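# Summary of the model geometry
Here is what each chain is made of, one letter per residue.
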Amino acid sequence: QGQVVESGGGLVQAGGSLRLSCAASGRTFSNYAMGWFRQTPGKEREFVAAISWSGGNTYVADSVKGRFTISRDNAKNTVYLQMNSLKPEDTAVYYCAAGRFVSTNWDVYDYWGQGTQVTVSS
């Protein structure tokens, strides 16, 4: 039993930065990989980044490579997504998810947050 909750979204101008947080509760997700996905209306969820809780390995999508960084703080049971040099194309609802292994496929994750809106203006 557990849940994850995202926070930190908002409205920023192009070139700005945001840091999203994904706080887990109800259990420790130390053995879970964590992923960030995003979605806009009418489109499938898109992989953004993922991190292994045990190994510390990280993966990022080509579309955000060099701009976004995923990190973790297992003591706080929290995962972060630092987003720099934001572009209007980054506008989406961002979701965090927990799964047993690192994957770019959204349908293998077991726990999902409610999402947080990120809007980037020109």
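Now for a quick tour of the structure. (Residues numbered from 1 in each chain as written. Predicted model: local features only at pLDDT ≥ 70, side-chain atom pairs only at ≥ 80, totals over all residues. Heavy atoms only, no water.)

We now examine the nonpolar core. Grouped together as the largest cluster of nonpolar side chains are 34 residues, with contacts concentrated most on Trp36, Leu81, Met83 and Tyr94. Residue assignment for this core shows that the elements contributing at least two residues are strand S3 (18–25), strand S4 (33–39), strand S5 (46–52), strand S7 (68–73), strand S8 (78–83), strand S9 (92–99) and strand S11 (116–121). Those residues in contact with methionine 83 that sit more than four places away from it in its chain are Gly16, Ser17, Leu18, Leu20, Arg67, Phe68, Tyr94 and Val118. (Core = buried A, V, L, I, M, F, W, Y, C linked by side-chain atoms within 4.5 Å. Buried < 20%, exposed > 50% of the residue type's maximum accessible area, 1.4 Å probe, protein only. Helix = DSSP H or I, 4+ residues; strand = E, 2+ residues; numbered from the N terminus. Contact = heavy atoms within 4.5 Å.)

Time to look at the packing of aromatic side chains. Counted according to the given criterion, the structure contains six aromatic pairs. Plain terms: the ring middles of phenylalanine 37 and phenylalanine 47 are 5.8 Å apart, the flat faces sit at 75 degrees to each other, and that makes the pair edge-to-face. Here phenylalanine 47 lies in strand S5 and phenylalanine 37 lies in strand S4, a separation of ten residues in the sequence. Accessibility expressed as a relative area gives 0% for phenylalanine 37, which makes it buried. (Phe/Tyr/Trp six-rings, centres within 6.5 Å; stacked < 30°, edge-to-face > 60°.)

In this section: the pattern of salt bridges. According to the stated counting rule, one finds four salt bridges in the structure shown. Note that arginine 38 is salt-bridged to aspartate 90, the shortest N-O span being 2.9 Å. A residue pair is termed long-range when its members are at least 10 positions apart, and arginine 38 in strand S4 and aspartate 90 in the loop between S8 and S9 qualify at 52 residues. A single burial state applies to arginine 38 and to aspartate 90, both of which are buried. The salt bridge involving aspartate 90 is made with arginine 67; its shortest N-O contact spans 2.7 Å. (Salt bridge = Lys/Arg side-chain N within 4 Å of Asp/Glu carboxyl O.)

Right, let's get into the environment of glycine 16. When you line up the elements, glycine 16 lands in the loop between strand S2 (10–13) and S3. Sequence separation between glycine 16 and serine 63 is 47 residues; the distance between their C-alpha atoms is 17 Å. Residues in contact with glycine 16, not counting those within four places in the same chain, are Met83, Asn84, Ser85 and Leu86.

We now examine the state of the cysteines. In the structure shown here, the tally under the stated rule is one disulfide. Across the disulfide, cysteine 22 is cross-linked to cysteine 96 (sulfur-sulfur distance 2.0 Å). Given an S-S torsion of about 65 degrees, the disulfide between cysteine 22 and cysteine 96 has right-handed geometry. In this pair, cysteine 22 is assigned in strand S3 and cysteine 96 in strand S9, connecting sequence segments 74 residues apart. When its relative accessible area of 1% is taken as the criterion, cysteine 96 is described as buried. (Disulfide = S-S within 2.5 Å.)

Now for the side chain of glutamate 6. Considering the arrangement of structural elements, one finds glutamate 6 in strand S1 (residues 3–7). One buried charged side chain, glutamate 6, makes no salt bridge at all; its nearest oppositely charged neighbour is arginine 45, positioned 9.3 Å away. Engagement of the side chain of glutamate 6 in a polar contact is seen with the backbone nitrogen of glutamine 114, the distance being 2.9 Å. Sequence-distant contacts of glutamate 6, defined by excluding residues within four places in its chain, comprise Ser21, Cys22, Trp36, Tyr94, Tyr95, Cys96, Gly113, Gln114, Gly115 and Thr116. (Lys, Arg positive; Asp, Glu negative; His and termini not counted. Polar contact = N/O pair within 3.5 Å; in protein donor to acceptor, adjacent residues only side chain to side chain.)

Turning our attention to the pairing of S1. Residues Val4 and Glu6 of S1 are buried on one face, while the alternating residues Gln3, Val5 and Ser7, pointing to the opposite face, are not. Pairing geometry for S1 and S3, over five bridges, is antiparallel. Bridge pairing in S3 links glutamate 6 to cysteine 22. (Pairing = 2+ DSSP bridges.)

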